[in-house]
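For reference, the chains in residue letters:
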Amino acid sequence: MSTPATQSSRVGPRYPHLVVLFGATGDLSKRKLLPGLFHLVSSGFIPGYRIIGVSLDELDAEGFRNLARSAVAEFAQRPVDEEAWKAFAEALDYVPLSAGAGALKAAAERAESTFQGESRRLHYLSVPPNAALSAVRTLSEAGLVDRARIVMEKPFGVDLESAKSLNASLHEVFTDQQIFRIDHFLGKEAAQNILAFRFANGLFEPIWNRNFIDHVQIDVPETLGLSTRAAFYEKVGAFRDMVVTHLFQILAFMAMEPPTALLPDPISEEKNKVFRSLLPLQPTDVVRGQYIGYRGEPGIHKESDTETFIALRCFIDNWRWAGVPFYLRTGKRLAEGQRIISIAFREPPKSMFPAGSGVGSQGPDHLTFDLADRSRMSLSFYGKRPGPGMRLDKLSLQFAMHDTGWAGEALEAYERLILDAMRGDRTLFTTAEGIETLWEKSMPLLEEPPPVRLYTPGSWGPNVIHSLIAPNAWRLPFERAWRDPNATGD
Ligand SMILES: NC(=O)c1ccc[n+]([C@@H]2O[C@H](COP(=O)([O-])OP(=O)(O)OC[C@H]3O[C@@H](n4cnc5c(N)ncnc54)[C@H](OP(=O)(O)O)[C@@H]3O)[C@@H](O)[C@H]2O)c1
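Residues numbered from 1 in each chain as written. Predicted model: local features only at pLDDT ≥ 70, side-chain atom pairs only at ≥ 80, totals over all residues. Heavy atoms only, no water.

## Remarks on the overall build of the chain
Piece 1. A tally of helices and strands in the chain yields 13 helices and 15 strands.
Piece 2. The C-alpha radius of gyration computed for the chain amounts to 24 Å, which stays within 12% of the reference 23 Å derived for 490 residues, consistent with globular compactness.
Piece 3. Once the C-alpha set of the chain is aligned to its principal axes, its extents read approximately 80 × 55 × 45 Å.
Piece 4. Counting across all 490 residues of the chain, residues that qualify as buried make up 53%.
Piece 5. The contacts of the chain with a sequence gap of at least 6 include a subset with a gap of at least 24, amounting to 77%.
Piece 6. Approximately 22300 Å² of the chain is accessible, and the part contributed by carbon and sulfur atoms is 53%.
Piece 7. A gap of 4 Å separates the mean positions of the 54 positive and 59 negative side-chain charges of the chain. (Helix = DSSP H or I, 4+ residues; strand = E, 2+ residues; numbered from the N terminus. Rg over C-alpha atoms; globule rule 2.2 N^0.38 Å. Buried < 20%, exposed > 50% of the residue type's maximum accessible area, 1.4 Å probe, protein only. Contact = heavy atoms within 4.5 Å. Areas by Shrake-Rupley, 256 points an atom, 1.4 Å probe, with all protein chains shown as cover. Lys, Arg positive; Asp, Glu negative; His and termini not counted. Charge placed at Lys NZ, Arg CZ, Asp CG, Glu CD.)

## Focus: the site of the ligand
Piece 1. Looking at the ligand, there are 22 residues lining it, with Thr25, Asp27, Leu28, Arg31 and Lys154 nearest.
Piece 2. One of the side-chain nitrogen or oxygen atoms of Thr25 is found 2.9 Å away from an oxygen atom of the ligand.
Piece 3. Residue Lys154 places a main-chain N or O atom 2.8 Å away from an oxygen atom belonging to the ligand.
Piece 4. In the complex, the protein chains occlude 79% of the 890 Å² of accessible area that the ligand would expose alone.
Piece 5. The element best represented in the shell around the ligand is helix H2 (residues 27-42), accounting for 3 residues. (Near = heavy atom within 4 Å. Polar contact = N/O pair within 3.5 Å; in protein donor to acceptor, adjacent residues only side chain to side chain.)

## Quick word on the nonpolar core
Inside soluble globular proteins, nonpolar side chains tend to come together where they are buried.
Piece 1. Core analysis: the biggest nonpolar cluster contains 142 residues, and Phe248 and Phe326 have the highest contact counts within it.
Piece 2. Here the element with the most residues in this core is helix H9 (residues 230-255); it accounts for 17 residues.
Piece 3. What Phe326 contacts, discounting residues up to four positions off in sequence, is Val216, Leu251, Met254, Ala255, Leu312, Arg313, Cys314, Ile316 and Trp321.
Piece 4. If you look at the next biggest cluster of nonpolar residues, it comprises 5 residues, including Ile340, Trp460, Leu476 and Phe478. (Core = buried A, V, L, I, M, F, W, Y, C linked by side-chain atoms within 4.5 Å.)

## Structural notes on the pattern of salt bridges
Piece 1. Applying the stated criterion across every chain yields a total of 31 salt bridges.
Piece 2. Among the salt bridges present, the one from Arg276 reaches Glu433, with a minimum N-O distance of 2.7 Å. Taken together, the residues span a long stretch of sequence, with Arg276 in helix H10 (residues 264-277) and Glu433 in helix H12 (residues 432-447) at a distance of 157 residues.
Piece 3. Residues joined by salt bridges that share partners form a network here, namely Arg198, Glu205, Glu257 and Arg320. (Salt bridge = Lys/Arg side-chain N within 4 Å of Asp/Glu carboxyl O.)

## Digging into unusual backbone geometry
Piece 1. Omega for the bond connecting Ala470 with Pro471 falls within 30 degrees of zero, at 10°, which places this linkage in the cis form.
Piece 2. As for its position among the elements, Pro471 is in the segment after helix H13 (465-469).
Piece 3. Between Leu476 and Pro477 the backbone carries a cis peptide bond, its omega angle lying at -5°.
Piece 4. Of note, Pro477 is situated in the segment after H13.
Piece 5. Phi is positive for Arg147, which is not a glycine, with a value near 55°.

## Some remarks on H2
Piece 1. Between its first and last C-alpha, H2 extends 22 Å over 16 residues, near the 22 Å set by a 1.5 Å rise per residue.
Piece 2. Leu33 marks the point of greatest bend in H2, at about 35°, and the proline Pro35 comes within the next four residues.
Piece 3. Taken together, the buried positions of H2 are Leu28, Ser29, Leu33, Leu34, Pro35, Gly36, Leu37, Phe38, His39, Leu40 and Val41.
Piece 4. Residues of H2 that are buried in the fold lie against strand S1 (17-22), strand S2 (49-55), helix H3 (61-75), helix H4 (82-90), strand S4 (120-125) and helix H11 (413-423).
Piece 5. Directly after H2, the chain includes Gly44, whose backbone phi takes a positive value near 80°. (Expected span 1.5 Å × (residues − 1). Bend = angle between axes of the 7 residues up to and from the residue.)

## Observations concerning the packing of H2 against H3
Piece 1. Running from N to C, H2 and H3 cross one another at 95°; their axes reach a closest spacing of 9 Å. With respect to H3, the element H2 is oriented roughly perpendicular. Residue-level inspection shows Lys30, Arg31, Leu34, Pro35 and Phe38 of H2 in contact with H3, the latter providing Phe64, Leu67, Ala68, Ala71, Val72 and Phe75. (Axes fitted to C-alpha atoms, helices over the stretch in contact; angles between N-to-C directions. Parallel < 35°, antiparallel > 145°, perpendicular 65-115°, else oblique.)

## Some thoughts on the side chain of Ser268
Piece 1. Among the structural elements, Ser268 can be located in helix H10.
Piece 2. Classification of Ser268 as buried rests on a relative accessible area of 9%.

Structure representation (structure tokens):
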């Protein structure tokens, strides 16, 4: 087993860090960031640390420690060691926003005086989008820009103009090299495994193109509703919340050319080329949906036009992908919670199997990535059923990461990304250029959005999604469940 020191020298930052966490009392902070930071420091990934929470709530340091204690108790994925907790709690401080930049500056000086030698700063803005710039100004007034990196949460703007103006305002204070626009989907092991799968093997890359692939689906239905996020969601909707962020980032990993090196700049460049090759989104290629009952929820306008569901067809106009449709879907209160990429291969040019043999009857061959925390992969194909004659059935090769015994080594997505930001590794973060290109390609849709169509909670969205994908079919719901690796067969 690695000792804390070896873990830190292997993947952690070199210097102690002051973390300034804006929105420290919010939902994301409680569910992911505080438990994640606790795990990172108690596992020895970070050589030294102090954390200052900043938020609107009028708390003192003790109140913040209590809030962090309950958050870790409720949301930490691993058992909490009391000694480790005491050490963590001592490193926590809190400055209410009302106390101003001077108070933050004083708290930062106190915190940094405990470090020996050089240190760095990581500012995490876990605040609603409209509070981000005021947080940046506070950091600037508090003199906390040097030696700092800043993590920005999604959504990054709401259209091309707002993204450009946000970038311009940010660049008045921080350089783009200091800014880490986070997309937690890319921090998931399963998302990074797409790169390993494609570029570490000779088997699939030769057929990863329009000659062999018929279409691609990126499907992220959610069963959850809005819980406490109604006010935020009503202004944003499914496209801005999910597609222009997570789904397009996954699409880039799936579609990009091999980078010249597995390094941040070459990877960003290849992702940005995918975004530049994306054809502008046409309203006729988009289905917007809203679940029945949404308009009756607290905080939602009774004639709201916000979409809680979106399905769309888009095209990447380059040599590899010209003419191959990419279907993207996501929404709230749908039938199942899933995160899959499904790649449908072209059918053979000619079938020699007799009528009624079953060939092709269950759709094309598929390669499927399940991006859930229990990540899995499946390759489906037709094979012969034992017995007389030639009857075919859909079979599959399946792989589950949990079978490897490595599952315990996984860092949560936010943990991984916080470490990367501290080390200055931008591989899994989005650049200003990338995000602005995505907004640019989205403008035809944003300027003339099709009307929202109602759908029943617990369904797969409005019925018209089937014509969007015809003559193909949505892969979800799966016809066959994933195999349970622990089930015993004979
Ligand atoms: N929650 C998630 O699962 C999730 C997932 C991905 C990304 N995100 C992103 O993460 C960010 C935070 O989301 P959230 O769900 O945690 O929201 P939230 O629960 O509303 O938390 C936001 C926090 O920021 C505080 N705040 C508001 N204005 C502030 C200001 N000017 N300065 C400092 N603090 C301020 C709020 O204080 P009060 O409580 O006093 O209002 C609250 O503690 C958003 O950009 C969101 O899009 C969230």
